[in-house]
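Descriptive analysis of the structure
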Amino acid sequence: MVEAVLIDLFSLPANLQNNIQGLLHNTLEAIEKCSSIHAPCVYVMCCQRQGSERKGEQALLLPALRGFQRLKRRLEVVCTLTTAAALYTIKQRLDEKDLSIIKVILPTSRKDLIKVYVDHLFTAVYQFEFEDLQVVSDCENLQISEPQGEGQTLPSQDVAVIRSEIQIYLESLPSLKGELTILRSSLIPDNVFLHGFTTRTGGISYIPTLSSCNLFSSSKRRDPQIVVKENLRRLANAAGFNPEAFHRVKVDHANAVCILGKTEPKSYDGIVTNQKGVTLAAPGADCIPVLFADPVRKACGAAHSGWKGTLLGVSMATVNAMVSEYGCNMKDILVVLGPSVGPCCYKLPHESAKEFHRIDPKCVRLFESASPYIDIRRATRILLERGGIRPENIQDDSITDHNQNITFCTSCHPDKFYSHFRDGTNFGTQIGFISIKD
């Protein structure tokens, strides 16, 4: 069943301009007639001419909007200067109501164009069906048949123009939830490395669990890649790195490590380099983003360490890659654990807890319970020390100075961090990042 209908009047062909009210009236009449049980939300998208007021644009359509009482509370006219702005505004309305099945009624000439906008601004969470504006008459047309999945037919230069329009619009949006904030470790020398751990403020992601500086996009979430790219651009500007030379691990919750410049594995949770000006990053939304720095050999790395990766030794695998590839000495490597879920909040089933208990009984609290509390940070430190990293070269939550501690519990600080454990499946993501300065 269609949950929302979008009527695109943004750029009607010249021969339809004089019939705009009639077209809209007939379209709304068909929607109302064919949805006696469930009235969908209806959004009318139209162009706001430069210098015109939104009310003036809506006034032009008022005669066609009168009389549709059942749709009245679920009908909104969205007038903007660009198609990107209109669709992004409508996306916000859809997300507020948790709607995802959308029928788009539009002129045939706009269909391929709008599909490109949709591909950029929406994810696979949403289902779209397209219908010609001129042929709205059949009640069966208000049932979803197949989700939008046709290939784009616009020339590549037109697609580039659309992408540019979207980027310009997203760049114009104000930051949400405060200023962009980066946490930095005093252990990593800032004369050699640029590094930090992000928090959730200062981006443009507006969905509550993703707000606002979400740095990961997935087909299962509502934040599209182009929004995440804008968040990354803002982070790069604030931190001082090049977003075009940015490499994030391809998470597999295992222990594979990518050597930048060599054949890239299909998936990996660690990455290392000795190239200057290249930024490495690892995500975290409870899992630990771990940063590695060798100021002597001038090499660095990043790793994503969840409970599985911790048990599989992803941190030491990253250290070993730095030693074997760049001739690093264990005693010179510095390791910093970023914000992650703490032993105060994190639980695992008893069978999984046994593996942490074998590392050290202090890694588990309430061991006899069905779901003991687990300290993946302590386990990571123990495995690093056993591997040859000096204790004083590891920074984690054992730091007692609150001004120096950056290994906060993500679950305990909803104002600062995302947390899968706390927020559920539609969670946002922060990152740890590091690069060697030019």
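An unreviewed UniProt entry lists the protein chain under the name Purine nucleoside phosphorylase LACC1, from Menura novaehollandiae. Recorded in UniProt under Sequence similarities (unreviewed entry), the annotation for the protein chain is "Belongs to the purine nucleoside phosphorylase YfiH/LACC1 family." According to UniProt, the comment filed for the protein chain under the heading Subunit (unreviewed entry) is "Interacts with FASN. Interacts with SDHA. Interacts with ATF6, EIF2AK3 and ERN1."

**A word on the overall build of the protein chain**
Of the regular secondary structure elements, the protein chain holds 13 helices and 18 strands. Within the protein chain, the fraction of its 438 residues that count as buried is 54%. A sequence separation of at least 24 residues applies to 70% of the contacts in the protein chain between residues at least 6 apart. Within the structure as shown, the protein chain displays about 19,400 Å² of accessible surface, and the carbon and sulfur contribution to it stands at 50%.

**Description of the packing of helix α6 (residues 111–121) against helix α7 (residues 156–172)**
It is the contact of α6 with α7, at a shortest axis distance of 10 Å, that shows an interaxial angle of 50°. What the angle tells us is that α6 and α7 run oblique. In the packing of α6 onto α7, the handedness of the crossing is right-handed. Within the contact between the two elements, α6 uses L113, V116, Y117, H120 and L121 and α7 uses V159, I162, R163, E165 and I166. Residues of the contact of α6 with α7, tallied by class, amount to seven nonpolar, one polar and two charged.

**A look at the packing of aromatic side chains**
Evaluated as defined, the whole model comprises nine aromatic pairs. Here the aromatic rings of Y88 and Y169 are separated by 5.9 Å at their centres, their planes lie at 70°, and the arrangement is edge-to-face. One end of the pair, Y88, is in helix α5 (residues 83–97); the other, Y169, is in helix α7, with 81 residues separating them in the sequence. Of the two residues, Y88 and Y169, both sit in the buried class. Connected via pairs of aromatic rings, a cluster forms that spans F122, Y126, F128 and F130. When the ring centre of F427 is taken as reference, the NZ or CZ atom of R221 above it lies at 4.0 Å. Its guanidinium or amino end placed over the ring of Y373, R365 lies 4.1 Å from that ring's centre, counting from NZ or CZ.

**A short note on the environment of G306**
With respect to the element layout, G306 can be found in the loop between β13 (299–305) and α9 (307–312). We classify G306 as buried; its relative accessible area is 2%. For G306 and R377, which are 71 residues apart along the polypeptide, the C-alpha to C-alpha distance reads 9.7 Å.

**Some points on the sheet that holds strand β9 (residues 257–259)**
Within the open sheet, the six strands sit side by side as β9-β10-β13-β12-β14-β17. Their pairing is mixed. This sheet does not close on itself; its edge strands, each paired only once, are β9 and β17 (394–395). Taken together, the four bridges between strand β12 (residues 288–294) and strand β14 (residues 334–337) define a ladder with antiparallel strand orientation. Note that in β14 the partner of L291 across the bridge is V336. Here helix α10 (residues 314–326) sits on the sheet in contact with β9, β10 (270–273), β12 and β13, set at roughly 160° to β13.

**Some points on the nonpolar core**
Ranked by internal contacts, the top residues of the largest apolar core, which has 40 residues, are Y88 and L170. Elements supplying a minimum of two residues to this core: β1 (4–8), β2 (41–47), α5, β4 (101–106), α6, β5 (127–132), α7 and α8 (225–239). Setting aside residues no more than four positions away along its own chain, L170 makes contact with Y88, I204, I226, V227, E230 and R234. Core analysis: the second largest hydrophobic core is formed by 36 residues, V257, I259, V319 and I389 among them.

**Here we look at the pattern of salt bridges**
For the structure on display, the rule yields 22 salt bridges. Of the charged contacts, one joins R222 and D98 as a salt bridge, the two residues approaching to 3.1 Å between their closest N and O atoms. Residue R222 is located in the loop between β7 (193–198) and α8, and its partner D98 is located in the loop between α5 and β4; the two are separated by 124 residues in the primary sequence. Residue classification places D98 among the exposed positions, given a relative accessible area of 56%. Where D423 meets R422, a salt bridge forms, and the shortest distance between an N and an O atom there is 2.9 Å.

**So, the environment of G301**
By secondary structure assignment, the location of G301 is in strand β13. Here G301 falls in the buried class, since its relative accessible area comes to 0%. For G301, the contacting residues outside a window of four places in its chain are I271, V272, L280, V290, L291, F292, M322 and I434.

**Side note on α5**
Because each turn of an α-helix spans 3.6 residues, side chains separated by three or four positions in sequence point in the same direction. Helix length check: α5, at 15 residues, gives a terminal C-alpha distance of 21 Å against a target of 21 Å (1.5 Å per residue), a fit within 8%. In terms of burial, α5 is largely enclosed, as eleven of its 15 residues are buried. By the burial criterion, the buried members of α5 are T83, A84, A85, A86, L87, Y88, T89, I90, K91, L94 and D95. With its phi angle positive at about 60°, D98 sits one or two positions after the end of α5.

**Quick word on the sheet that holds strand β3 (residues 75–80)**
Spatially, β3-β2-β1-β4-β5 is the arrangement adopted by the five strands of the open sheet, whose pairing is parallel. The sheet is open, and its two edges are formed by β3 and β5, each paired on a single side. This sheet shows a mean twist of 20° between the axes of neighbouring strands, independent of strand direction. Examined bridge by bridge, β2 and β3 share six bridges and lie parallel to one another. For C46, the partnering residue across the bridge sits in β3 and is C79. Contacts from helix α2 (residues 20–33) reach β1, β2, β3 and β4, with the element oriented near 170° to β1. Across the sheet, α6 touches β1, β2, β4 and β5, and the angle it forms with β5 is around 165°.

Rules behind the numbers
- Position labels on residues start from 1 in each chain and follow its written sequence.
- Restriction of local features to residues with pLDDT of at least 70 applies here, the model being predicted, together with a cutoff of 80 or more for giving and counting side-chain atom pairs; totals for whole chains, interfaces and linings are based on all residues.
- Excluded from the side-chain calculations are hydrogens and water; all other atoms, namely the structure's heavy atoms, are used.
- UniProt positions are given in the numbering used here, feature names are shortened, and annotations may be inferred rather than shown by experiment.
- Numbering of helices and strands starts at the N terminus; helices are DSSP runs of H or I of at least 4 residues and strands are runs of E of at least 2.
- The buried label applies to any residue whose accessible area, calculated with a 1.4 Å probe on protein chains only, is under 20% of its type's maximum; exposed applies above 50%, and partly exposed to all values in between.
- Throughout, a contact is declared for two residues whenever any of their heavy atoms are within 4.5 Å.
- Reported accessibility uses the Shrake-Rupley method at a 1.4 Å probe radius. Residues are deemed covered only where the shown protein chains occlude them.
- The angle between two axes is taken between their N-to-C directions and runs from 0 to 180 degrees, where each axis is a line fitted to C-alpha atoms and a helix contributes only its stretch in contact.
- Orientation labels follow simple angle bins: below 35 degrees gives roughly parallel, above 145 gives roughly antiparallel, 65 to 115 gives roughly perpendicular, and whatever is left gives oblique.
- Less than a right angle of anticlockwise turn of the near helix away from the far helix marks a crossing as left-handed, whereas a clockwise turn marks it as right-handed.
- Here the term charged refers only to Asp, Glu, Lys and Arg, the term nonpolar to Ala, Val, Leu, Ile, Met, Phe, Trp, Tyr, Cys and Pro, and the term polar to all other amino acids, Gly among them.
- Each aromatic pair joins two rings of Phe, Tyr and Trp (for Trp, the six-membered one) with centres within 6.5 Å, and gets the label stacked for planes under 30 degrees apart, edge-to-face for over 60, and tilted for any other angle.
- Placement of a charge over a ring requires the Lys NZ or Arg CZ to be within 6 Å of the ring centre, with the centre-to-atom vector within 35 degrees of the ring normal.
- Two strands qualify as a pair provided DSSP detects at least 2 bridges between them.
- Side-chain atoms within 4.5 Å are what join buried Ala, Val, Leu, Ile, Met, Phe, Trp, Tyr and Cys residues into a set we call a nonpolar core.
- For salt bridges, the criterion is a side-chain nitrogen of Lys or Arg within 4 Å of an Asp or Glu carboxyl oxygen.
- Between the first and last residue of a helix there are one fewer steps than residues, each counted as 1.5 Å, and that sum is the expected span.

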